[in-house]
Amino acid sequence: MAGKVKVYGKAQNRTALGILHAYLVMYPHATLDDLRKAFPDSLCPDSGVKDLLLPVAEAEKFNTKMSLYFAKPDEVLELQDGSQAALCQVWSKTSFERMVEQGKLYDIEVAEFEKTMKGEKGGYRLEYLNGYVPPVAAPEPAKRGGIPWWVWLLVALLVAGLAYMFLKPAPEPQIVEVEKVVEREVIVRDTVYMQQIEEIETAFNAAQFEQGKAELNDDAKLALHDLAKVLRQNPELRLTIEGHTSAEGDSAVNLKLSEARAQAAVEFLTGKEGIEASRLTAVGKGASEPIDPANPEANRRTEFEISK
């Protein structure tokens, strides 16, 4: 099937935003419910939030605790009914790939991912393909009878609301235990970024180092770019990056190699992503802490440990 719209993005989360923008260009009458059906929450289970999309007012309220939604004026999705929607902004490589495949169902293509330079804000742009001309959203037809139906609906809702206010029983006083509420919010916040770091650690290890080397490949850098976003969103967070090797070869060489790999990750985060060096520690463990003595491949790994 020939594509109709192509999305060019400079960050995977903003490219995902561009895919939804392309969908709204192609389906201008789409509502928030339509968007949720076309792009379900299951596309990005590692986003740290339950809903992939929220009304902007709810997203802004959520962002006061932890900024996980695109809710700025130049980021929100404008719907034809006058409402606005906000997309979650935490995307792993795996979830982004699912989003790209979902876009293909609606003839939306995604160009090769363009990485941002240091200090450059990510963005996206759309290109129409194969002579495609997007439809223009036509106004809703007027209803007969003088006064539109929705005016009567609003009046009925207003009357019902006033009746409820005057007739409902007085609520019983509630005791709010402030300390417990605050403690629960902290636990939820910790759980969110711990899940994100675990996902990023998995992606980083999947990228793999070349045998005997400590140079980062493109996939490893992309995983560290996602890790830097989590660190920026949680300024109190500190990490110890541990390098591990298998027991094959000379133990002293393995120790030095594990230190070099951990240090390579730290140097990328500080030098390319601008994370403060005081928040990161590189440690080489060599082959001293295997997780499966019978599986050398599993022991060659890098771990991101949260430092208290």
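None of the values given here were measured: they were computed from a predicted structure. (Residues numbered from 1 in each chain as written. Predicted model: local features only at pLDDT ≥ 70, side-chain atom pairs only at ≥ 80, totals over all residues. Heavy atoms only, no water.)

**Let's talk about the packing of helix α7 (residues 218-233) against helix α8 (residues 251-271)**
- Two elements in contact, α7 and α8, have axes whose closest approach is 10 Å; the angle formed by their N-to-C orientations is 55 degrees. By the criterion of interaxial angle, the relationship of α7 to α8 is oblique. At the point where α7 passes α8, the crossing takes the right-handed sense. Every residue of α8 that contacts α7 at Lys221, Leu224, His225, Leu227 and Ala228 is listed here: Ala265, Phe268 and Leu269.
- Within the contact of α7 with α8, the residues separate by chemical class into six nonpolar, one polar and one charged. (Axes fitted to C-alpha atoms, helices over the stretch in contact; angles between N-to-C directions. Helix = DSSP H or I, 4+ residues; strand = E, 2+ residues; numbered from the N terminus. Parallel < 35°, antiparallel > 145°, perpendicular 65-115°, else oblique. Left-handed = near helix turned anticlockwise from the far one by under 90°. Contact = heavy atoms within 4.5 Å. Nonpolar A, V, L, I, M, F, W, Y, C, P; charged D, E, K, R; others polar.)

**A word on a nonpolar patch on the surface**
- A cluster of nonpolar side chains, contributed by Leu158, Leu162, Tyr164 and Met165, occupies part of the molecular surface with about 460 Å² of accessible area.
- By the element assignment, Met165 lies in helix α5 (residues 149-167). (Patch = residues over 30% accessible without salt bridge, like charges linked within 9 Å, V, L, I, M, F, W, Y side chains within 5 Å. Areas by Shrake-Rupley, 256 points an atom, 1.4 Å probe, with all protein chains shown as cover. Salt bridge = Lys/Arg side-chain N within 4 Å of Asp/Glu carboxyl O.)

**Points about helix α3 (residues 56-63)**
- All buried positions along α3 are accounted for by Val56, Ala59 and Asn63. End-on, the buried residues of α3 take up no more than an arc of 60 degrees, which puts them together on one face. Along α3, exposed side chains directed more than 90 degrees from the buried face belong to Ala57 and Lys61.
- Elements that come into contact with the buried residues of α3 comprise β2 (53-55) and β4 (84-87). (Buried < 20%, exposed > 50% of the residue type's maximum accessible area, 1.4 Å probe, protein only. Arc of directions from axis to C-beta.)

**Comments concerning the side chain of Asp226**
- Topologically, Asp226 is positioned in helix α7.
- Look past the residues within four positions of Asp226 in its chain and what remains in contact with it is Gln12, Trp91, Ser92, Lys93 and Ile200.

**Some words on the sheet that holds strand β3 (residues 77-78)**
- One open sheet holds the three strands; their spatial order is β2-β4-β3, and the pairing between them is antiparallel. Two strands close off the open sheet at either side, each with one partner strand: β2 and β3.
- Pairing geometry for β2 and β4, over three bridges, is antiparallel. Along β4, the bridge assignment pairs Leu54 with Ala86.
- Most of the contacts of α3 go to β2, to which it runs at about 105 degrees, and overall it touches β2 and β4. (Pairing = 2+ DSSP bridges.)

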